Amino acid sequence: MNIIKVASDSRSTAVAGAIAGVMREQDSVDVQAIGAGAVNQAVKAVAIARGYLELDGIDIICIPSFVEVTIEGQERTAVRLGVERRGSEAAPPTSEPEPESEPEPESGGPTY
């Protein structure tokens, strides 16, 4: 499995191009980041890559997880974004009804 490592100073468009390039050739790629700035760049890159791949008719999903990595002898926690093609091999929808949406707050309600 390919791993694209992202730093806080990585250009999100360059990372997006790398993600799109791998996804055009394979069914998945992992994007790994350590630290808030790096995770920010990685998430933006996945969103940008989704737009690039949409032009090729490729729809992707992102599955986040935590992984432990060793860097210079120290254990660090990284965020790994598993990027995969959305396709027919996905699990079939359940027969459960969709939950009803909550009414919009009239004003002054919390925004999430």
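All values reported here derive from a predicted model rather than from experimental measurement.

Quick notes on the rules
Residues numbered from 1 in each chain as written. Predicted model: local features only at pLDDT ≥ 70, side-chain atom pairs only at ≥ 80, totals over all residues. Heavy atoms only, no water. Helix = DSSP H or I, 4+ residues; strand = E, 2+ residues; numbered from the N terminus. Buried < 20%, exposed > 50% of the residue type's maximum accessible area, 1.4 Å probe, protein only. Areas by Shrake-Rupley, 256 points an atom, 1.4 Å probe, with all protein chains shown as cover. Core = buried A, V, L, I, M, F, W, Y, C linked by side-chain atoms within 4.5 Å. Contact = heavy atoms within 4.5 Å. Pairing = 2+ DSSP bridges. Axes fitted to C-alpha atoms, helices over the stretch in contact; angles between N-to-C directions. Expected span 1.5 Å × (residues − 1). Arc of directions from axis to C-beta.

Caption draft 1: Layout of the overall build of the protein chain. When helices and strands are counted, the protein chain shows 2 helices and 4 strands. Scored against the burial criterion, the 112 residues of the protein chain give a buried share of 29%. For the protein chain, the accessible surface area stands at approximately 8100 Å², while carbon and sulfur atoms represent 50% of it.

Caption draft 2: The arrangement of the nonpolar core in detail. Grouped together as the largest cluster of nonpolar side chains are 22 residues, with contacts concentrated most on Val6, Ile19, Met23, Val29, Val31 and Val83. Residue assignment for this core shows that the elements contributing at least two residues are β1 (3–6), α1 (12–25), β2 (28–33), α2 (36–54) and β4 (74–85). When sequence neighbours within four positions are dropped, the list of residues in contact with Val31 reads Ile4, Val6, Ile19, Ala42, Val79, Arg80, Leu81 and Val83.

Caption draft 3: The sheet that holds β4, seen in detail. Taking strand neighbours across the sheet as the criterion, the 4 strands line up as β1-β2-β4-β3 in an open arrangement whose pairing is mixed. Because the sheet does not close on itself, it has two edges, and the strands there are β1 and β3 (60–71). Across this sheet, the average inter-strand angle for adjacent strands is 25°, counted without regard to direction. Pairing analysis gives 6 bridges linking β2 to β4, with the strands arranged antiparallel. Paired with Ser28 across the bridge in β4 is Glu84.

Caption draft 4: Expanded view of the side chain of Ser12. With respect to the helices, strands and loops of the structure, Ser12 is situated in helix α1. On the accessibility criterion, Ser12 (14% relative accessible area) is buried. Contact partners of Ser12, with chain neighbours within four places excluded, come to Gln41, Lys44, Ala45 and Ile48.

Caption draft 5: Geometry of α2. Relative to the 27 Å expected for 19 residues at 1.5 Å per residue, α2 spans 27 Å between its end C-alpha atoms, a close match to the ideal helical length. Among all positions of α2, only Ala38, Gln41, Ala42, Ala45, Val46, Ala49 and Leu53 are buried. The arc that holds the buried residues of α2, viewed along the axis, is 145°, so those residues lie on one side. Opposite the buried face of α2, by more than 90 degrees, sit the exposed residues Ala36, Ala47 and Glu54. Residues of α2 that are buried sit in contact with β1, α1, β2, β3 and β4.

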